[in-house]
Amino acid sequence: MNDTLTVRLGERSYPIHFGADLTARVREAVAQLAREGRRVAVLTDRNVAARQAAALKAMFGGAPMLVTGAGESVKSFAELERVLDFLAENRLDRAGVLVAAGGGVIGDLGGFAASSWLRGIDFWQVPTTLLAMVDSSVGGKTGVNLKAGKNLAGAFHQPRAVFIATGLLATLPPREFAAGMAEVIKYGLLGDAALFAQLEREPLTVTSPALPAVVRRCCEIKAAVVEADERELAREGGRALLNLGHTFGHAIEQAAGYGEYLHGEAVAVGLAAAARLSARLGLPAAGTCAAASADAAAAAAGSSAGDACGTDAAGAAAAGADVVARVERVLAAHGLPARLRAALPLEALMAAMARDKKVRAGAPRFVVLSSPGASSTRADIALPLVESTWRELGAE
Ligand code: NAD
Ligand code: GLY
């Protein structure tokens, strides 16, 4: 499969190229920049540099390359300064292009560097993890972490092109593949019941024939959501729906210490948490399924309504428990946690949530589920319900 999807954002529109191997396409695009007299620099991390050395060489030839350490700790101001110094040393001018070739860490760091170097230069994403292919390489959120919280400093800066070569996943460690599956499961839950059902029927692996189509489907959903609400300004639904599981997940990453949980693992626990919180709220409540489905559909083109809507309180409780069980089964089938691995302090988790970027007027916003494929945002959730949910997951 060799094809292209366009993210339509007016003058910031860009193509996402898909294929098993895009070496020739990237090499040609780099050669075109050279013909235009534009400088290229590449950012990657040490694992990608080691495991994908031949691919990087074939794509970028002798272009200057900065190799960082690996993992979440690289998303820091210290590393940002290193990247900016690297761009200075290699004299990238305003026509220059920075290529982020790596996972979400490299994409977020590289994108932020590109957004601030000379007040903004072009950048490309060449994602090498499943998580980056289905989520972080698309949509233009860039940034680094602060002690005060995850991704708190950053910029919206859309890439100029994304090259998704699924063959690069061959060297990805299984734990990292599983972490990426948390975001894939998220897409099914937030707006595509058919995708979720497919994952229930047949768990996805790196060798699944279905993988390229699933990666493309996730990008289609993300592109539609970003096109509708690029800067996450919608009062309800919109881009915030992509944060399903993330309000809990980011709090876990912070309270446990960055790197203790992979981002995708924390999101997995967050998805289970969102399902549990939704059940505590009585979702799906009689008559609310249609509204929630419409919300998701408006934000994510092609989403489908879920299939577990309750018609009375008892029916809703059973349906809520059923959604929790289904979410936990799919997570387990993909090697992902649904509870905290070790107890974390409730106070630290709640404090981290209070600093979440989605907090508005002091109230955290949560993405809740009516059923797999039907989600909506809520800002009116009583904190004791959230605390009870944390306790169910193993917080104390
Ligand atoms: P990552 O970038 O740390 O990559 C995971 C690990 O895999 C690293 O050790 C890396 O060196 C290694 N690796 C990458 N590609 C490889 C390959 N092909 N072969 C062998 N090893 C390889 O982590 P990630 O899971 O890709 O991304 C997580 C980050 O993405 C988090 O910081 C998260 O906040 C961010 N994120 C951003 C967005 C966004 O919209 N910007 C969305 C979701 C997540
Ligand atoms: N991953 C969340 C977003 O891109 O909005």
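Anything mentioned here points back to the structure above.
If you're wondering where the values come from, they're calculated on a predicted model, not measured in any experiment.

Next up on the list: the packing of aromatic side chains. Pairs of aromatic rings are described using the distance from one ring centre to the other and the angle between the two planes. The final tally for this structure, using the stated rule, is 3 aromatic pairs. Pairing Trp124 with Phe163 gives two aromatic rings, centres 5.4 Å apart and planes at 55 degrees, and the pair type is tilted. On the criterion of sequence distance, the pair formed by Trp124 in strand β6 (residues 122-127) and Phe163 in strand β9 (residues 161-165) is long-range, its members being 39 residues apart. What makes Phe163 buried here is its relative accessible area of 3%. Measuring from centroid to centroid gives 4.9 Å for Phe248 and Trp390, while their planes differ by 65 degrees, and the two rings are edge-to-face. Residue Phe248 is located in helix α10 (residues 246-256), and its partner Trp390 is located in helix α15 (residues 383-393); the two are separated by 142 residues in the primary sequence. Residue Trp390 is classed as buried on the basis of its relative accessible area, which comes to 0%. Within the aromatic cluster, the residues linked to one another by ring pairs are Phe248, Phe366 and Trp390. Against the face of Tyr187 rests Lys186, its NZ or CZ located 4.9 Å from the ring centre. Seen from the ring of Tyr261, Arg341 lies directly overhead, with NZ or CZ sitting 4.2 Å from the centre.

This paragraph deals with the site of ligand 1. Of all residues adjacent to ligand 1, which total 27 residues, the nearest are Asp45, Glu72, Thr128, Thr129 and Thr171. Within the backbone of Leu168, a nitrogen or oxygen atom sits 3.0 Å from a nitrogen atom of ligand 1. Taken by itself ligand 1 offers 870 Å² of open surface, and the protein chains cover 92% of this. When contributions to the shell around ligand 1 are tallied by element, the ones reaching two or more residues are α2 (46-51), α5 (104-116), α6 (130-136), β8 (149-156) and α7 (174-191). Looking at the shell around ligand 1, its residues break down into 7 nonpolar, 10 polar and 10 charged.

Bringing the nonpolar core into the picture now. Among the nonpolar cores identified, the biggest contains 76 residues, and Ile16, Phe60, Trp124, Leu130, Ile185 and Leu331 are the most heavily contacted of them. Once residues within four sequence positions are removed from consideration, Leu331 is found in contact with Ile185, Ala268, Leu271, Ala272, Leu336, Pro337 and Ala338. Phe248, Leu277, Leu340 and Leu346 belong to the second largest nonpolar core, which has 23 residues in total.

Every residue lining ligand 2 is accounted for by Asp135, Lys141, Lys222, Arg239, Leu242 and Asn243. Contact distances for ligand 2 include 2.7 Å between an oxygen atom and a side-chain N or O atom of Arg239. Its residues assigned to classes, the shell around ligand 2 shows 1 nonpolar, 1 polar and 4 charged.

All right, on to the sheet that holds β6 then. Pairing is mixed in the open sheet, where 7 strands are placed in the order β1-β2-β9-β6-β5-β3-β4. Sheet topology places β1 (3-7) and β4 (65-68) at the edges, where each strand pairs with a single neighbour. With direction set aside, neighbouring strand axes in the sheet form an average angle of 15 degrees. Pairing geometry for β6 and β9, over 2 bridges, is parallel. The residue bridging Trp124 from the neighbouring strand is Ala161, located in β9. Taken strand by strand, helix α4 (residues 77-89) contacts β3 (40-45), β4 and β5 (97-102), and its axis lies near 165 degrees from that of β4. Across the sheet, α5 is in contact with β3, β4, β5 and β6; its angle to β5 comes to roughly 165 degrees.

A word on the pattern of salt bridges. Taken as a whole, this structure holds 25 salt bridges when the rule is applied. Residue Arg216 pairs with Asp3 through a salt bridge whose shortest N-O separation is 2.6 Å. Taken together, the positions of Arg216 in helix α9 (residues 211-228) and Asp3 in strand β1 put the pair 213 residues apart, joining distant regions of the chain. A relative accessible area of 15% means that Arg216 is categorised as buried. With a closest N to O distance of 3.3 Å, Glu265 and Arg341 form a salt bridge. With Glu265 in helix α11 (residues 263-280) and Arg341 in the loop between α13 (313-333) and α14 (346-354), this pair connects stretches of sequence that are 76 residues apart. For Glu265, a relative accessible area of 6% gives the class buried. Exposure remark for Arg341: the relative accessible area of 46% places this residue in the partly exposed category. Each of the salt bridges in this network shares a partner with another, and the network as a whole consists of Asp3, Asp192, Arg216, Arg217 and Glu220.

Criteria and thresholds
- Residues numbered from 1 in each chain as written.
- Chains lettered and ligands numbered in written order.
- Predicted model: local features only at pLDDT ≥ 70, side-chain atom pairs only at ≥ 80, totals over all residues.
- Heavy atoms only, no water.
- Phe/Tyr/Trp six-rings, centres within 6.5 Å; stacked < 30°, edge-to-face > 60°.
- Helix = DSSP H or I, 4+ residues; strand = E, 2+ residues; numbered from the N terminus.
- Buried < 20%, exposed > 50% of the residue type's maximum accessible area, 1.4 Å probe, protein only.
- Lys NZ or Arg CZ within 6 Å of the ring centre and 35° of its normal.
- Near = heavy atom within 4 Å.
- Polar contact = N/O pair within 3.5 Å; in protein donor to acceptor, adjacent residues only side chain to side chain.
- Areas by Shrake-Rupley, 256 points an atom, 1.4 Å probe, with all protein chains shown as cover.
- Nonpolar A, V, L, I, M, F, W, Y, C, P; charged D, E, K, R; others polar.
- Core = buried A, V, L, I, M, F, W, Y, C linked by side-chain atoms within 4.5 Å.
- Contact = heavy atoms within 4.5 Å.
- Pairing = 2+ DSSP bridges.
- Axes fitted to C-alpha atoms, helices over the stretch in contact; angles between N-to-C directions.
- Salt bridge = Lys/Arg side-chain N within 4 Å of Asp/Glu carboxyl O.

Without other data, these values stay purely geometric and don't point to any function.
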